[in-house]
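The lines below spell out each chain.
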Amino acid sequence: MKQSETVYYTLFDYKGWLMYIASTGNGLCYVGSQNDPFEELEKWVNKYIPKARLINNEVKLDLFYQELVEYFDGKRKSFTFKFDLRGTQFQVDVWNKLLSIPFGKTKCYSDVANDIGNPKAVRAVGTAIGANPIAIIVPCHRVLGKNGTLTGYSGGLPVKEKLLQLEEIQYKA
């Protein structure tokens, strides 16, 4: 009988940023939206890692926690840890493409669709970005509308604005 997977989690609480983060033995798998309740993490785990054991363990999340602190302090522009991306192959392709957008730079949805070799999939790209389970780290906030306009963000537009301002990214409101 296959042993169930373990998902370690903790509450990230730093300078007004409050979100659950979680990892498996393969890497960071979840960064929740600002102020989302624990139930959102449970719901995600039940969908993507069924029968997983959820264990609160700050020590297991320390590297992820520290790098997020450095990011919010303006001392980190990229992350060094491994990821455990859970989704469809299309979603994972989109998320991996987002990881190539450098700190302080942006792309529009059609750029991402072109980059994954599927220029007609602009709406599907938007849907995949909205399902990103590793907010901030997989930088969906760096994707703007065609003319640099501020567009949707699963954590809410005020959070997206704060992240863009942190990275000194110009955008149109």
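Rules used in this analysis
Residues numbered from 1 in each chain as written. Predicted model: local features only at pLDDT ≥ 70, side-chain atom pairs only at ≥ 80, totals over all residues. Heavy atoms only, no water. Helix = DSSP H or I, 4+ residues; strand = E, 2+ residues; numbered from the N terminus. Polar contact = N/O pair within 3.5 Å; in protein donor to acceptor, adjacent residues only side chain to side chain. Contact = heavy atoms within 4.5 Å. Pairing = 2+ DSSP bridges. Axes fitted to C-alpha atoms, helices over the stretch in contact; angles between N-to-C directions. Domains from an automatic or database assignment. Nonpolar A, V, L, I, M, F, W, Y, C, P; charged D, E, K, R; others polar. UniProt positions renumbered as here; feature names shortened; annotations may be inferred. Salt bridge = Lys/Arg side-chain N within 4 Å of Asp/Glu carboxyl O. Buried < 20%, exposed > 50% of the residue type's maximum accessible area, 1.4 Å probe, protein only. Parallel < 35°, antiparallel > 145°, perpendicular 65-115°, else oblique.

S.K.: Outline the side chain of Asn132, listing residues and values.
M.R.: Looking at the element boundaries, Asn132 is found in the loop between helix 5 (122-130) and strand 6 (143-144). One polar contact links the side chain of Asn132 to the main-chain carbonyl oxygen of Val138, over a distance of 2.8 Å. Ignoring anything within four residues of it in the chain, the contact list for Asn132 reads Trp95, Val138 and Cys140.

S.K.: Can you tell me about the sheet that holds strand 4 (residues 53-56), naming the residues and giving the values?
M.R.: Across the sheet, 4 strands lie side by side as 3-2-1-4; this open sheet has mixed pairing. Looking at the sheet topology across the chains shown, the edges are occupied by strand 3 (27-31) and strand 4. Ignoring which end each strand starts from, the neighbouring axes of this sheet average 30° apart.

S.K.: An account of the domain arrangement of the chain is needed here, citing residue identities and associated values.
M.R.: When its domains are assigned, the chain resolves into domain 1 (6-73) and domain 2 (89-167). Between the C-alpha centres of domain 1 and domain 2 the distance comes to 20 Å. For the pair domain 1 and domain 2, the number of links is 3 residue pairs in polar contact (both at pLDDT 80 or more). Secondary structure elements with two or more residues in the side of domain 1 that touches domain 2: strand 2 (17-24), strand 3 and helix 2 (62-72). It is strand 3 that contributes the most residues to the side of domain 1 that touches domain 2, 4 residues altogether. Among the residues making up the side of domain 1 that touches domain 2, the classes are represented as 10 nonpolar, 3 polar and no charged.

S.K.: Explain the UniProt feature "domain: Methylguanine DNA methyltransferase ribonuclease-like" (unreviewed entry) in the chain to me, using residue names and the numbers behind them.
M.R.: Listed under "domain: Methylguanine DNA methyltransferase ribonuclease-like" (unreviewed entry) in the UniProt record, and renumbered for this structure, are residues 7-85. Span residues 7-85 is 28% helix and 32% strand, its end C-alpha atoms 13 Å apart.

S.K.: Pulling in residues and values, what's your account of the pattern of salt bridges?
M.R.: Under the definition given, this model contains 7 salt bridges. Among the ionic pairs, Lys15 bridges to Asp73, the shortest N-O distance being 2.6 Å. Pair noted here: Lys15 is in the loop between strand 1 (6-14) and strand 2 and Asp73 is in the loop between helix 2 and helix 3 (89-98), with a separation of 58 residues, a long-range link. Overall, the relative accessible area of 28% leaves Asp73 in the partly exposed class. The salt bridge involving Arg76 is made with Glu67; its shortest N-O contact spans 3.7 Å.

S.K.: Explain the pairing of strand 3 residue by residue, including any values.
M.R.: Among the 5 residues of strand 3, 5 are classified as buried, and the element is accordingly described as predominantly covered. The pairing of strand 2 with strand 3 spans 4 bridges and is antiparallel. Bridge pairing in strand 3 places Ile21 opposite Val31. Connecting strand 2 to the antiparallel partner strand 3 that follows it, the hairpin turn spans 2 residues.

S.K.: Requested: an account of the environment of Asn26, with residues and values cited.
M.R.: Here Asn26 lies in the loop between strand 2 and strand 3. Along the backbone, Asn26 and Gln89 are 63 residues apart, and their C-alpha atoms lie at a distance of 17 Å. Among residues more than four places away in sequence, those in contact with Asn26 are Glu5, Lys82, Phe83 and Asp84.

S.K.: Explain the packing of helix 3 against helix 5 to me, and be specific about the residues and the numbers.
M.R.: Think of two packed helices as two axes; the pair is described by the angle between the axes and how far apart they sit. Put simply, helix 3 and helix 5 touch, their axes get as near as 9 Å, and they point 80° apart. Viewed along their axes, helix 3 and helix 5 adopt a mutual orientation that is roughly perpendicular. Contacts between helix 3 and helix 5 pair Phe90, Gln91, Val94, Trp95 and Leu98 from the former with Ala124, Val125, Ala128 and Ile129 from the latter.

S.K.: Describe unusual backbone geometry, naming the residues involved and giving the relevant values.
M.R.: Not every positive phi belongs to a glycine, and Asn35 is a case in point at roughly 65°. The phi dihedral of Ile136 is positive, around 70°, even though this residue is not glycine. Relative to the helices and strands, Ile136 is located in the loop between helix 5 and strand 6. When its relative accessible area of 3% is taken as the criterion, Ile136 is described as buried.

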